[in-house]
Each structure stands twice: as C-alpha cells, then as structure tokens.
Amino acid sequence: MKKKIFITGAEGFIGSHITEKLLTLGYNVTALVLYNFTGDIGNLKYISKNNLKKLNIIFGDISDPETYFKNLKKTNIVINLASLISIPYSYRAPISYFNNNIIGTSNFLAACKNLNIEKFIHFSTSEIYGTPKKIPITETTPLNPQSPYAASKAAIDHVIKSYYYSFNIPVVILRPFNNYGPRQSRRAVIPEIICQILKKNIISLGDINTKRDFLFVEDTANAVLRVIKTNNILGEEFNIGSNKFFKIKDIVNILSKLIQKKIIIKIDKKKIRPFKSEVRHLLCDYSKAKKILKWTPSIMKKNFFKNSLLETIRFYEKNYEQLDKIYFND
Ligand SMILES: NC(=O)c1ccc[n+]([C@@H]2O[C@H](COP(=O)([O-])OP(=O)(O)OC[C@H]3O[C@@H](n4cnc5c(N)ncnc54)[C@H](O)[C@@H]3O)[C@@H](O)[C@H]2O)c1
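A brief report on the enclosed structure follows. Sequence positions are assigned chain by chain, starting from 1 and proceeding in written order. Where local features are concerned, this predicted model is filtered to residues with pLDDT of at least 70; where side-chain atom pairs are given and counted, the filter is 80 or more; whole-chain, interface and lining totals use all residues. Each side-chain value is derived from all of the structure's non-hydrogen atoms; neither hydrogens nor water enter the calculation.

**Overview of the packing of helix α7 (residues 189–199) against helix α9 (residues 248–259)**
Between N-to-C directions, angles cover 0 to 180 degrees, with each direction set by a line fitted to C-alpha atoms, over the stretch in contact for helices. A run of H or I in DSSP becomes a helix once it reaches four residues, and a run of E becomes a strand once it reaches two; helices and strands are each numbered from the N terminus. Running from amino to carboxyl end, α7 crosses α9 at an angle of 45°, the nearest separation of the two axes being 10 Å. The angle between α7 and α9 falls in the class oblique. The handedness of the crossing between α7 and α9 comes out as right-handed. Contacts between α7 and α9 involve V189, I190, I193, I194, I197 and L198 from the former and I248, I251, V252, L255, S256 and I259 from the latter. In what follows, roughly perpendicular refers to angles from 65 to 115 degrees, roughly parallel to angles under 35, roughly antiparallel to angles over 145, and oblique to any angle outside these ranges. Left-handed describes a crossing whose near helix is turned anticlockwise from the far helix through less than a right angle; right-handed describes the clockwise counterpart. Two residues qualify as a contact provided that any one of their heavy atoms is within 4.5 Å of a heavy atom in the partner residue.

The following block contains the structure:
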C-alpha cells in the first residue's frame, strides 16, 4: 500500500506541485493549509479536479497541534514546507519570522515525537549559507544567515537536527536553491520580472548584479520523491540546485527575449536589501544529492531552461489579471 503523507504549506508554490505529484502517483495525502477566514486553498486550486477530489485538506497552523494532531498520528511521512518566506517582509517583521519559522516549527516537531513517522522531510533553504567564501556551496559550507528570514531557517535546521539526535525524529533536510515555475508568488524575482515585462516597457528592480542558481519546481518535487524512496539518509541534509548561476540582469534579458519585448531596467533603491544583508551569489554543489539520492536537475537537458521559463511565462500570461489584483508592497 502507498504511504500516508502529511504535507504542510501544501497550498504554497512548491507545496502545491509536490502535492499534485504525490496524488498523481497514488499516495494518500493530507494537506495542512494555513487557516484563513475565506477558506482559500491557495495554489491547490490549480491542481486537477480529479486529484483535488483525492486530497484530504485540513485547515490549521503548524504552531497549534490541536488543529492537526489526529491526522498526524496516522502518517508515515511528513513533508514540512510551512514557513514565512519573503526576505523583504522579514526586515519589517523579524519577530513574526522567529515565532512562525522557529517556534511554530518546533511545536510541530514536538507533536511528531513518539509517533510512527518514518521520515520527516524538512524544507530549508540555500539562503542560510549567505554569501559564501567559496563556491559552489556544499552541505558543509558554514552557515551565515544574513536576513531575519535566513536566520529563522538556519535556527530551525539546528532545532531539527537536535530533535534527530535527542528524540530520534527521522529527519531529512532539503536545501533548495532559488525555485521558479508556475504558481510562484509575484514577490519572487522571476515572476516579478515576467509580470512587469508583460505590463510595462520600463521595469523597476533592486540589485540586478546578484547571482542566483535557479531550479525548476518540478525538479524539487522529484527530489522529494527520491528522499521518500531512499533508505539510510536520516539526519542528512541535501543541497538541490542546478550548479549554474545567472545575474538577475541576465535573467531579465532572457525573459524579455522570450516574451519578445524590449524593456529598460530602472533601479529602485527601495528594492535593494540592506548592504550587509545582500547575498551576492549562490551556486549549488548538488553532488551529494546526485550520489546518494540519485537526483539530478533537468537543466542538463537541451533547451530545458528556455522551455521551463516559457512554461512559467505562459502561467503568468494566463493568470495575469487575477495576480495583478493582489496587493503587496514587500
Ligand atoms: N521558493 C523558493 O525559491 C524556495 C527556495 C528555498 C527554500 N524554500 C522553502 O520551501 C518552502 C516552501 O516555499 P514556497 O516558495 O512554496 O513558499 P510559499 O509562501 O508559496 O509557501 C509557504 C506556505 O506555508 C504556509 N504557512 C506559513 N506559515 C504557516 C503556519 N504557521 N502553519 C501552516 N502553514 C503555514 C503558507 O500559508 C504558504 O502556503 C519554504 O519552507 C521555503 O523556506 C523555498
């Protein structure tokens, strides 16, 4: 029988893709969706009706086990993506990040003690490495979180490892580099560039000289499947990225060519991170994931980057009107 999976942050960008893949493969999935007064299921509304019918959705909050404990008890595998993730907002609301991402996740971990969970797959991030002294970044690169978001994610990695050592929680940590693909919040760099190009001829961005390693969201979902299937990896962390990096201004050029629109970039100082907080470059060494999980990113395939960006652009073209109504300022 297929495993029972409990996934948090399922309504988010990456969570919805993982949930969709698991349902298509026949897993029995329960999605924890952050309680909200409108009953919105976020990105889960984009998955097929057939898959949605099979999904058990519960509204709750990772920080309050009363909202999900009954379901957690029956689970074989936990996938934990729930997190506040916007770096700019973390400068305005650092305490919210520490409460949600450290204390909230610690409550969730505590609820997982003494249950028959086989694997607790936790989503960390490449941001916890900060600007590294040496690239590419391996799992042993020293952690140097430079924003409240990154600090909250680095702290909870340590808490999670301590739960592995102290209480035998069967953890595996994934550290994805910058994901992109359909359904991502407009706050992220690729959707923001696409949406601005679709609407304007002059686009406004922050630092366009920083370099990021971009990973298609489908590859991240495949890495989760490899973690589910691979034995003897408890207590391990894995970097997942493409081992190629691009300056943001190069991404703008690629996207404007694909959309076939000439644009001008205007630098908006308000969008630049505090100087010491900016992560200059991130480049992933995924050799551990390749060796142990037998996972590789699809960027190696001919034209994959271009085609996956085109797929991403098509999503924003189709949903632009709706997404443009969402109000945000950081
Ligand atoms: N997007 C990226 O490029 C990227 C890169 C590296 C790591 N990550 C990590 O991957 C995970 C998912 O990221 P994403 O891009 O899909 O973000 P997202 O914001 O789209 O999804 C996060 C989800 O977590 C939910 N959530 C937040 N707090 C919660 C709580 N207290 N209880 C229950 N649910 C809660 C939110 O409602 C949201 O749906 C995060 O842990 C993030 O740190 C993302």
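**Observations concerning a positive patch on the surface**
Judged by side-chain charge, K200, K266, K270 and K271 come together as a positively charged surface patch. The topology assignment puts K266 in strand β13 (residues 264–267). For patch detection, residues must exceed 30% relative accessible area and be free of salt bridges, and they are connected within 9 Å for like charges or within 5 Å for nonpolar side chains (Val, Leu, Ile, Met, Phe, Trp, Tyr). The Shrake-Rupley method, run with a 1.4 Å probe sphere, supplies the accessible areas, and residue values consider only the shown protein chains as cover. Salt bridge, as used here: a side-chain nitrogen of Lys or Arg that lies within 4 Å of a carboxyl oxygen of Asp or Glu. As used throughout, the charge tally considers Lys and Arg to be positive and Asp and Glu to be negative, leaving His and the chain termini uncounted. Every charge is mapped to an atom, namely NZ of Lys, CZ of Arg, CG of Asp or CD of Glu.

**Quick look at helix α1 (residues 13–24)**
Over its 12 residues, α1 runs 17 Å from end to end, which matches the ideal 16 Å to within 8%, given 1.5 Å per residue. Using a 1.4 Å probe on the protein chains alone, a residue whose accessible area is under 20% of its type maximum counts as buried, one over 50% counts as exposed, and one in between counts as partly exposed. Of all 12 residues in α1, nine are buried; the element is thus mostly enclosed. By the burial criterion, the buried members of α1 are F13, I14, G15, S16, H17, I18, T19, L22 and L23. At the C-terminal side of α1, G26 shows a positive phi close to 90°. A helix is expected to span 1.5 Å for every residue after the first.

**Description of the nonpolar core**
Ranked by internal contacts, the top residues of the largest apolar core, which has 46 residues, are I18, L22 and I79. With seven residues, helix α8 (residues 217–229) is the single largest residue contributor to this core. The residues touching L22, leaving out its near neighbours within four places in the chain, are I5, Y27, V29, I79, L225 and I228. We define the nonpolar core as a collection of buried residues of types Ala, Val, Leu, Ile, Met, Phe, Trp, Tyr and Cys that are connected through side-chain atoms lying within 4.5 Å of one another. Ranked by size, the runner-up nonpolar core spans 28 residues in total, among them C195, I208, F214 and Y316.

**As for the sheet that holds strand β6 (residues 171–176)**
Spatially, the seven strands line up as an open sheet ordered β3-β2-β1-β4-β5-β6-β11, and their pairing is parallel. A single partner strand is all that each edge strand has here, and the edge strands are β3 (56–60) and β11 (237–240). Averaged over all pairs of adjacent strands, the angle between strand axes in this sheet comes to 20°, irrespective of strand direction. Alignment of strand β4 (residues 77–80) against strand β5 (residues 119–123), held across four bridges, turns out to be parallel. Counted as the bridge partner of N80 is H122 from β5. Running at roughly 170° to β5, helix α5 (residues 94–112) makes contact with β1 (4–8), β4 and β5 of the sheet. The strands touched by α8 are β1, β4, β5, β6 and β11; relative to β5, the strand with the most contacts, the crossing angle is about 155°. Strands were regarded as paired on the criterion that DSSP finds at least two bridges between them.

**Focus: the side chain of T210**
As for its placement among the helices and strands, T210 is situated in the loop between β8 (202–205) and β9 (211–212). We classify T210 as buried; its relative accessible area is 5%. Leave out the neighbours within four places in its chain, and T210 touches F246, K247, I248, E278, V279 and R280.

Bear in mind that shape data such as this cannot, by itself, settle questions of function.
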